[in-house]
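# Structure assessment
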Amino acid sequence: GLGPPVRVEATSTRVNTETAPVASVVHYEFSARGEMPPVKLTWYDGGIQPPRPAELPPGQDLPGFGILLVGENGKLLISYNGAFVLLPASLNKEVERLRPTLPRVITPAAKDDGLALSLHHREWIDACKGGPRALSNFDYAGPLSETVLLGVIATKTGKQLQWDAANMHVTNVPEANEYVRPEYRQGWTL
């Protein structure tokens, strides 16, 4: 239920027209949703990391890849292998471990169709064959792609963008809209 970002701003190493920058930091702001508060999300890549949380034990660094969720009462550090740490460590005694609320991909270890596939590929094929809907379906993947691509546009322009998702339009940086809806050459329109 996060919805589209309303503001996006990025900083990066040198930007050119042919490749992505070596490293970037993208700041996203999302509006409040009903009783849920606004959300700020920051994406770091290319070796740039957020400041090391003071709550980490001495000698422990942030993992090379992962997620750091910052809340009002603590932080949750999740590595890409799924291991997580509550910060400060004292929260581990106070917080009841929650069961997963999102459905998990459960597929037989081996199907007799001769295909050795990763779980997300198997999930997609099973959905195509009439099985359960894939968790990363277009209703989810489309808005996620829009959010990520707005970060790319903010990186290219070097400006904070105000995003009007309903109209698919950057409202404060007119030149950014050429990346949203590019003009196609004659004969190559969609």
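It should be noted that the structure appears before, not after, this text.
Presented here is an overview of the structure given in this document. (Residues numbered from 1 in each chain as written. Predicted model: local features only at pLDDT ≥ 70, side-chain atom pairs only at ≥ 80, totals over all residues. Heavy atoms only, no water.)

The next point concerns the nonpolar core. With 14 residues, the main nonpolar core has Val8, Leu161, Val170 and Ala176 as its most contacted residues. Contributing elements (two or more residues each) for this core: β1 (5-12), β2 (24-30), α3 (138-157) and β7 (161-164). With residues up to four places along the chain from it excluded, the contact list for Leu161 reads Val6, Arg7, Val8, Leu150, Ile153, Ala154, Val170, Asn172, Val173 and Ala176. (Core = buried A, V, L, I, M, F, W, Y, C linked by side-chain atoms within 4.5 Å. Buried < 20%, exposed > 50% of the residue type's maximum accessible area, 1.4 Å probe, protein only. Helix = DSSP H or I, 4+ residues; strand = E, 2+ residues; numbered from the N terminus. Contact = heavy atoms within 4.5 Å.)

Next up on the list: the sheet that holds β1. Spatially, the five strands line up as an open sheet ordered β3-β2-β1-β7-β8, and their pairing is antiparallel. Either end of the sheet is taken by a strand with one partner, and the two such strands are β3 (39-45) and β8 (169-170). Here seven bridges tie β1 to β2, and the two strands are oriented antiparallel to one another. Within the sheet, the bridge partner assigned to Arg7 lies in β2 and is Glu29. Here α3 sits on the sheet in contact with β1, β2 and β7, set at roughly 50° to β1. (Pairing = 2+ DSSP bridges. Axes fitted to C-alpha atoms, helices over the stretch in contact; angles between N-to-C directions.)

Moving on, we come to the side chain of Glu123. Positionally, Glu123 belongs in helix α2 (residues 119-128). Of the side chains with opposite charge, Arg133 comes closest to the buried, unpaired Glu123, at an N-O distance of 9.3 Å. A polar contact is formed between the side chain of Glu123 and the backbone nitrogen of Leu135, at a distance of 2.7 Å. (Lys, Arg positive; Asp, Glu negative; His and termini not counted. Salt bridge = Lys/Arg side-chain N within 4 Å of Asp/Glu carboxyl O. Polar contact = N/O pair within 3.5 Å; in protein donor to acceptor, adjacent residues only side chain to side chain.)

Here we come to the pairing of strand β6 (residues 84-87). Here strand β5 (residues 75-79) runs beside β6; their pairing, made up of four bridges, is antiparallel. Counterpart to Lys75 in the pairing with β6 is Leu87. Hairpin remark: β5 followed by β6, antiparallel, with four residues in the connecting loop; positive phi at Gly82, about 95°.

Turning to α2, its buried residues are Arg122, Glu123, Ile125 and Asp126. Each buried residue of α2 sits inside an arc of 170° when the element is viewed along its axis, so together they form one side. Exposed positions of α2 whose direction lies more than 90 degrees from the buried face are His120, Trp124 and Cys128. Positive phi appears at Gly130, one or two residues downstream of α2, with a value of about 95°. (Arc of directions from axis to C-beta.)

What follows covers the pattern of salt bridges. Counted by the stated rule, this structure contains four salt bridges. In this structure, the salt-bridge partner of Arg133 is Asp139, at a minimum N-O distance of 2.3 Å. The pair formed by Arg133 and Asp139 is uniform in burial state, with each residue classed as exposed. For Glu175, the salt bridge is made with Lys159, and the minimal N-O distance between the two is 2.8 Å. Of the two residues, Glu175 is situated in the loop between β8 and α4 (177-180) and Lys159 in the loop between α3 and β7; the sequence distance between them amounts to 16 residues. Lys159 gets classed as partly exposed once you look at its relative accessible area, which sits at 39%.

Looking at chain direction, β1 and β7 are connected through two bridges and run antiparallel. Within β7, the position partnered with Arg7 by the bridge is Gln162.

The next thing to look at is a nonpolar patch on the surface. Side chains of Leu41, Trp43, Phe65, Ile67, Leu69 and Tyr80 sit close together on the surface and give an oily, nonpolar patch of about 660 Å² of accessible area. Position of Ile67 relative to the elements: it lies in strand β4 (residues 66-70). According to the relative accessible area criterion, Ile67 is partly exposed, its value standing at 39%. (Patch = residues over 30% accessible without salt bridge, like charges linked within 9 Å, V, L, I, M, F, W, Y side chains within 5 Å. Areas by Shrake-Rupley, 256 points an atom, 1.4 Å probe, with all protein chains shown as cover.)

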